[in-house]
Structure formats: structure tokens, C-alpha cells
Amino acid sequence: MRLTRPILALTGAVAVLALAGCGSGAKSEATVPETATGSLEHLAAEVKCTPDMQTDADEIRQAVCKNSDGKFILVTFATDRGQREWINDAKDYGGHYLVGRKWVAVGENPTVSALRGTLGGDIEQGTDHGASHSAGHTG
């Protein structure tokens, strides 16, 4: 399965979102609804955004979305395996991922947490490569 171009598109988006600020929301866990399903357009409508399509292929569809919760990337997949491979690769670039069945929303922590209140799903966090670089310096 070739996901190189979509992953490259996402990594740029994740980098921009990561640079925009990292929040560690200390909100208590609210009631999470049953995980939403459906097309990219259906999921976008659920969270009241108009998707700006970036990739529209049989195996993956990706759009930039913006609503009152913030800006995020919404991605849908043809297969569960394709989704898991994409997430595993994308998480190397950091970011916050709201994961449902055959879909992912990627954005800043407060945005992803707010989306979870509508779409359900599970939150996964990407690898933070910057945290270990500040230790070990002696001057």
C-alpha cells in the first residue's frame, strides 16, 4: 500500500499544528459518545466544518477542517490495516490523534479533545522527540 504522499502531506500539517502550540489540557474526562462512523463528509458535517480536500484516493481521503474548536486534519481510510499503518508512521512526527473506525482527526490537544465530545473515539499521542534533547547538557 502506498501512503507516502498522504503521509508527507500530513507530516507538514502536523508540524504546523505542533509549532502552533502544545497544550496539555487538564480537563476532566467527560462522557464520550459512541464512536462516529461514515464518510469524510459525514464526519465533517458532524463537527460542523467544511472539508478542504487535500487527498482523494480510493485507499485514503484527507482534508483540512476548521470549526469553532480549531483547525485539524480529518482522514478516512478504506481499510483498518491502512489506517493503523498510517497512524504508526504519522505518530513519529508528534501530534494528537483522535482515532475512530477507519478515520483519524489530527490537531492540537484541546481541538482533538473537543472533537472527541462529538465524534467519540480514542485519543493517541505522537512521539515527542524534543523532550529528551534538553537533558544531559553541562555547561
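Right, let's walk through the structure included here. (Residues numbered from 1 in each chain as written. Predicted model: local features only at pLDDT ≥ 70, side-chain atom pairs only at ≥ 80, totals over all residues. Heavy atoms only, no water.)

### Focus: the side chain of His96
Relative to the assigned elements, His96 resides in strand E4 (residues 96-100). Classification of His96 as buried rests on a relative accessible area of 12%. The contacts of His96, once residues within four sequence positions are left out, are Ala105, Val106, Gly107, Glu108, Asn109, Val112, Glu124 and Gln125. (Helix = DSSP H or I, 4+ residues; strand = E, 2+ residues; numbered from the N terminus. Buried < 20%, exposed > 50% of the residue type's maximum accessible area, 1.4 Å probe, protein only. Contact = heavy atoms within 4.5 Å.)

### Quick notes on the pairing of strand E1 (residues 52-56)
Strand direction decides the pairing type here: E1 and strand E2 (residues 60-67), joined by four bridges, are antiparallel. Across the sheet, the residue bridging to Thr55 is Gln62, located in E2. (Pairing = 2+ DSSP bridges.)

### Considerations on helix H4 (residues 109-119)
Within H4 the residues assigned to the buried category are Asn109, Thr111, Val112, Leu115, Arg116 and Leu119. Buried residues of H4, viewed axially, fall in a sector of 155 degrees; they line one side. Elements that come into contact with the buried residues of H4 comprise helix H2 (40-46), E2, strand E3 (70-77), E4, strand E5 (103-107) and strand E6 (122-125). Trailing H4 by a residue or two, Gly120 shows a phi angle of about 70 degrees, which is positive. (Arc of directions from axis to C-beta.)

### Looking at helix H3 (residues 80-90)
What H3 keeps buried is the set Gly82, Gln83, Trp86, Ile87 and Ala90. Looking straight down H3, one finds its buried side chains confined to an arc of 130 degrees; they lie on one side.

Everything listed is a geometric property; what it means functionally is a separate question.
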